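# Results of the structural survey
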There are 2 protein chains.
Amino acid sequence: MDDIDRRIVRALSEDARQSYSEVGALVALSAPAVKRRVDRLRATGVIKGFTAIVDPAALGWTTESFVELFCTGRTTPAQLAEAVRRHPEVVEAYTVSGEADALVHIRAADIAHLEQVLERLRGEPFVTSSRSMIVLTRLVDSV
Amino acid sequence: MDDIDRRIVRALSEDARQSYSEVGALVALSAPAVKRRVDRLRATGVIKGFTAIVDPAALGWTTESFVELFCTGRTTPAQLAEAVRRHPEVVEAYTVSGEADALVHIRAADIAHLEQVLERLRGEPFVTSSRSMIVLTRLVDSV
DNA sequence: CCTGAAATCCGAACGTT
DNA sequence: AACGTTCGGATTTCAGG
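Structural notes, computed from the coordinates.

Calculation notes
- Residues numbered from 1 in each chain as written.
- Chains lettered and ligands numbered in written order.
- Predicted model: local features only at pLDDT ≥ 70, side-chain atom pairs only at ≥ 80, totals over all residues.
- Heavy atoms only, no water.
- Contact = heavy atoms within 4.5 Å.
- Buried area = accessible area lost by both parts, 1.4 Å probe.
- Salt bridge = Lys/Arg side-chain N within 4 Å of Asp/Glu carboxyl O.
- Polar contact = N/O pair within 3.5 Å; in protein donor to acceptor, adjacent residues only side chain to side chain.
- Helix = DSSP H or I, 4+ residues; strand = E, 2+ residues; numbered from the N terminus.
- Nonpolar A, V, L, I, M, F, W, Y, C, P; charged D, E, K, R; others polar.
- Buried < 20%, exposed > 50% of the residue type's maximum accessible area, 1.4 Å probe, protein only.
- Near = heavy atom within 4 Å.

## A closer look at the interface of chain A and chain B
Across the boundary between the two partners, chain A contributes 58 residues, which contact 58 residues of chain B. For the pair chain A and chain B, the summed buried area comes to about 5300 Å², and 60% of that belongs to carbon and sulfur atoms. Between chain A and chain B we count 2 salt bridges in total. Here Glu99(A) ties to Arg131(B) by a salt bridge, and the two come within 3.3 Å at their closest N and O atoms. Taken together, the connections running from chain A to chain B amount to 31 residue pairs in polar contact (both at pLDDT 80 or more). Secondary-structure elements contributing two or more residues to the side of chain A that touches chain B are α1 (3–14), β1 (47–54), β2 (63–71), α4 (77–85), β3 (90–97), β4 (102–108) and β5 (127–141) of chain A. The greatest single-element share of the side of chain A that touches chain B, amounting to 11 residues, is contributed by β5(A). Here the residues of the side of chain A that touches chain B sort into 31 nonpolar, 12 polar and 15 charged.

## Observations regarding the pattern of salt bridges
All names here are of chain A. Within the structure shown, the criterion is met by 27 salt bridges over all chains. For Asp39, the salt bridge identified is with Lys35, shortest N-O distance 2.6 Å. Here Lys35 and Asp39 lie together in helix α3 (residues 31–43), a separation of 4 residues that amounts to about one turn. Between Asp141 and Arg138 there is a salt bridge whose closest N-O contact spans 2.3 Å.

## Remarks on unusual backbone geometry
Residue and element names in this part refer to chain A. Phi is positive for Ala28, which is not a glycine, with a value near 60 degrees. Checked against the element boundaries, Ala28 lands in the loop between α2 (20–27) and α3. Residue classification places Ala28 among the exposed residues on the basis of a relative accessible area of 66%.

## Things to note about the protein's contact with DNA strand C
Residues in close proximity to DNA strand C include Arg17(A), Leu29(A), Ser30(A), Ala33(A), Arg36(A), Arg37(A), Ser19(B), Tyr20(B), Ser21(B), Pro32(B) and Lys35(B), which together make up its full environment. For DNA strand C, the fraction of atoms within 4 Å of the protein that belong to sugar or phosphate moieties is 69%. Measuring from a phosphate oxygen of DNA strand C, one finds a side-chain N or O atom of Ser30(A) at 3.0 Å. Mapped by element, the contributors of at least two residues to the surface near DNA strand C are α3 of chain A together with α2 (20–27) and α3 (31–43) of chain B. Counting residues per element, the surface near DNA strand C draws most heavily on α3(A), at 3 residues. Looking at the surface near DNA strand C, its residues break down into 4 nonpolar, 3 polar and 4 charged.

Structure, rendered in structure tokens:
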């Protein structure tokens with residue numbers, strides 16, 4: 001993991017469908033050399049995969065919210081992970097320090113759908129209460 | 001935007017570096033037909049780009065937090081967007097309904113770095129106060 | 001890490017339904 | 001309007017140095 005690797009990662013983050021020779025031109029390496037590095041970066045888990053950036057609105061999942069979950073005393077991260085993964089509307093989830101125990105990012109078709117997801121989440125045995133914020137506008141998104 | 005388009009989007013979301021003929025095999029189309037559809041999906045903005053999924057820990061940006069911002073009465077989303085975009089550590093930002101006015105996702109090298117970002121954010125003229133949650137573990141991430 | 005060759009893939013043009 | 005086929009040129013991939 002040297003400086004060339006970091007530049008390769010940056011190049012592929014900007015356009016994952018660039019050819020190896022194009023990346024090679026940016027980092028002053030031949031295409032085969034770039035491929036070997038990318039293969040190694042994937043094998044070591046630095047690069048976990050390549051994906052398309054899709055406009056969620058185009059798919060009709062246009063209502064987003066962040067939900068803070070408050071849980072019972074002994075709830076493990078593993079339990080939480082297992083539970084939230086069952087809900088396909090959950091696109092991100094974290095355990096956090098602060099008032100809440102977990103923060104969950106939800107993407108749903110509309111408010112009715114969102115409400116339904118919230119009810120499912122609040123039905124989880126370890127959830128004692130929740131507080132939600134509905135996303136009004138997306139200001140930045142460079143995850 | 002028909003069912004074939006949706007399947008192409010799904011295929012490229014799972015592996016953005018697949019060849020057009022591989023995608024074609026999945027959706028029963030020839031490679032040029034797939035390319036034409038992908039070109040159209042990009043032109044219409046359904047697909048905004050392709051990116052590598054990078055393990056942030058591998059890059060050393062290992063401290064994450066979500067910060068709720070409370071702002072002065074007349075703060076426009078445009079103002080907020082302009083301001084948060086100036087901070088490279090901000091990877092997501094939204095205006096939200098609920099107690100806070102905005103929710104900002106920050107990725108920093110360590111706690112010291114995070115504190116520094118927080119101070120910069122709280123120095124913005126329209127920010128009256130903030131409340132932060134530090135991410136402990138990442139449960140789900142399929143943005 | 002580079003060079004080179006074979007297989008594959010891309011992109012554009014053309015013809016078809 | 002959208003798909004399939006075809007063809008020249010580029011790219012990937014696997015040798016060997």
